[in-house]
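The lines below spell out each chain.
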Amino acid sequence: MSEDRRLDVLRAIVEDYVATREPVGSRALAERHALGVSPATIRNDMAALEEAGLIVQPHTSAGRVPTELGYREFVDRLSGVRALSAAEKRAIGTLLEEAVDLDDVMDRAVRLIAQLTHQVAVVQYPSLRRSALRHVELVPVGARHLLVVIITTTGRVEQRTVELTADLDESVVARLRLRLNVVAAGLRLADLDTALDALAGEFEPDGADLVRAVVAVVAETVAQEREERVIVAGASHLARSAGADFPHTIGPVLEALEEQVVLLRLLSEMAEDSAGVAVRIGRETQLEGLAETSIVTSGYGGDGSSVAVLGSVGPLRMDYPQTMAAVRAVARYLTRILAG
């Protein structure tokens, strides 16, 4: 059996099984696909694929279904991520561009992925630690209280109140606001400490305490982990296929999707797997609750490196080309929206 025909037969089995949920036989393959060989030859090819562990016979019928290894082979052999249709692209662009703020963008993005894939969508909020500073606003809110507003390049807005031991001098506040944005705008938040520490010397002696207090609150904000979160949508899609795709129970899958810390770790690991679209299949997730699922992810929002990850979780019997296309498209549009 030639390598090319082997891959053609495997591809046809995956495509038919995804479409029908039924084990695929040699005669059906011969009728539905232009493989150029007889059903008897296809049966021989299927026997070789089964011996290689790429397909399996689930019961006494003549049909075969892909294994995790078969899906992995199928995904790895894809020539590239296909493009969505022009109508799908327009719908994505229109929906995201109508968002009014970051929360609205995230909500629309997660709903878009769920609608396009008919699977569970997961979207990580842009990480403060991987974002860059766009602007810092200082707003006096009393004689000894200052509101510090941190605005990032990904549209995140964080507000903190600083309580001081002496009355505010509004001229010093205005000067500090200007210097902060000259010195720190465009820097990654993780790199701000070094740039801001030098400011205290410029405001000696009267404004040094104010500068140190503002720098401290910015550093504390960046160091906090609570901004790391994932929003999930479309769990009902998994529930609809629970019998066929999750023969035991869907409970562990839903429980795994509720574990924010575990999900964030998986998304971060997958971001390191690939600079583009990453795919983990079944037990590759290394999470017991997701052992009967596959997850497709892509980073978004970065200039050269992503600031967060989004993706889709579905059954092993997933339409991988469609899911990969949808995830990549939403990630690209989201990057463009946040950069604007």
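Residues numbered from 1 in each chain as written. Predicted model: local features only at pLDDT ≥ 70, side-chain atom pairs only at ≥ 80, totals over all residues. Heavy atoms only, no water.

- As annotated in an unreviewed UniProt entry, the protein chain carries the name Heat-inducible transcription repressor HrcA and comes from Cellulomonas dongxiuzhuiae.
- In the Sequence similarities (unreviewed entry) part of its UniProt record, the protein chain is described as follows: "Belongs to the HrcA family."
- Per its UniProt entry, the protein chain bears the Function (unreviewed entry) comment "Negative regulator of class I heat shock genes (grpE-dnaK-dnaJ and groELS operons). Prevents heat-shock induction of these operons." (UniProt positions renumbered as here; feature names shortened; annotations may be inferred.)

### Quick look at the pairing of strand S10 (residues 308-315)
In step 1: With eight of its eight residues buried, S10 lies for the most part within the structure.
In step 2: Two strands pair when backbone bridges link them, and strand S3 (residues 120-124) and S10 are joined in this way by four bridges, in the antiparallel orientation. Its bridge partner being in S10, valine 122 is matched across the sheet by glycine 311.
In step 3: Pairing of strand S9 (residues 293-300) with S10, which is carried by eight bridges, proceeds in the antiparallel orientation. By the bridge assignment for S10, isoleucine 295 is matched with valine 313. (Buried < 20%, exposed > 50% of the residue type's maximum accessible area, 1.4 Å probe, protein only. Helix = DSSP H or I, 4+ residues; strand = E, 2+ residues; numbered from the N terminus. Pairing = 2+ DSSP bridges.)

### Looking at the sheet that holds strand S4 (residues 133-142)
In step 1: Here we have three strands laid out as an open sheet, ordered S4-S5-S6, and antiparallel in their pairing. On the outer flanks of this sheet lie S4 and strand S6 (157-163), each paired with one strand and no other. Adjacent strand axes in the sheet meet at a mean angle of 20°, parallel and antiparallel pairs treated alike.
In step 2: Strand direction decides the pairing type here: strand S5 (residues 145-152) and S6, joined by seven bridges, are antiparallel. When the bridges of S6 are listed, leucine 147 appears paired with threonine 161.
In step 3: Most of the contacts of helix H7 (residues 170-184) go to S4, to which it runs at about 170°, and overall it touches S4 and S5. (Axes fitted to C-alpha atoms, helices over the stretch in contact; angles between N-to-C directions. Contact = heavy atoms within 4.5 Å.)

### Some points on empty space enclosed by the protein
Unoccupied space between atoms shows up once a probe the size of one water molecule is rolled over them.
In step 1: Under the defined criterion, the tally for this structure stands at one cavity of 30 Å³ or more.
In step 2: Considering only enclosed or pocket space, the largest cavity measures out at about 40 Å³ in volume.
In step 3: What lines the largest cavity is simply Leu7, Leu10, Arg11, Glu73, Phe74 and Arg77.
In step 4: Where the lining of the largest cavity is concerned, the elements lending two or more residues are helix H1 (3-20) and helix H4 (68-76). (1 Å grid on protein atoms, 1.4 Å probe; cavity = no way out; pocket = protein on both sides within 12 Å on 5 of 7 lines; lining within 4 Å. Points joined across faces, edges and corners; volume = space filled by probe spheres on them.)

### Focus on the sheet that holds S10
As a general point, the strands of a sheet are linked pairwise by backbone hydrogen bonds and lie either parallel or antiparallel.
In step 1: Strands sit in the order S7-S3-S10-S9-S8 across an open sheet of five strands; the sheet is antiparallel. Both edges of this open sheet fall to strand S7 (230-233) and strand S8 (277-281), since each of them pairs with a single strand only. Put simply, the sheet's adjacent strands are angled 15° from each other on average, direction ignored.
In step 2: Sheet strands in contact with helix H15 (residues 320-339) are S8, S9 and S10, and its direction is about 25° off that of S9.

### Points about the pattern of salt bridges
In step 1: Applying the stated criterion across every chain, the model contains 20 salt bridges.
In step 2: Between arginine 64 and glutamate 50 there is a salt bridge, with its nearest N and O atoms 3.0 Å apart. Of this pair, arginine 64 sits in the loop between strand S1 (55-56) and strand S2 (65-66) while glutamate 50 sits in helix H3 (residues 39-51), placing them 14 residues apart in sequence.
In step 3: For the salt bridge of glutamate 98 with arginine 108, the shortest nitrogen-to-oxygen distance reads 3.8 Å. Taken as a pair, glutamate 98 in the loop between helix H5 (86-97) and helix H6 (102-117) and arginine 108 in helix H6 lie far apart in primary sequence, 10 residues in all.
In step 4: When its relative accessible area of 49% is taken as the criterion, glutamate 98 is described as partly exposed.
In step 5: With a relative accessible area of 14%, arginine 108 lands in the buried category.
In step 6: Among the charged side chains, a salt-bridge network with shared partners connects Glu3, Arg6, Glu73 and Arg77. (Salt bridge = Lys/Arg side-chain N within 4 Å of Asp/Glu carboxyl O.)

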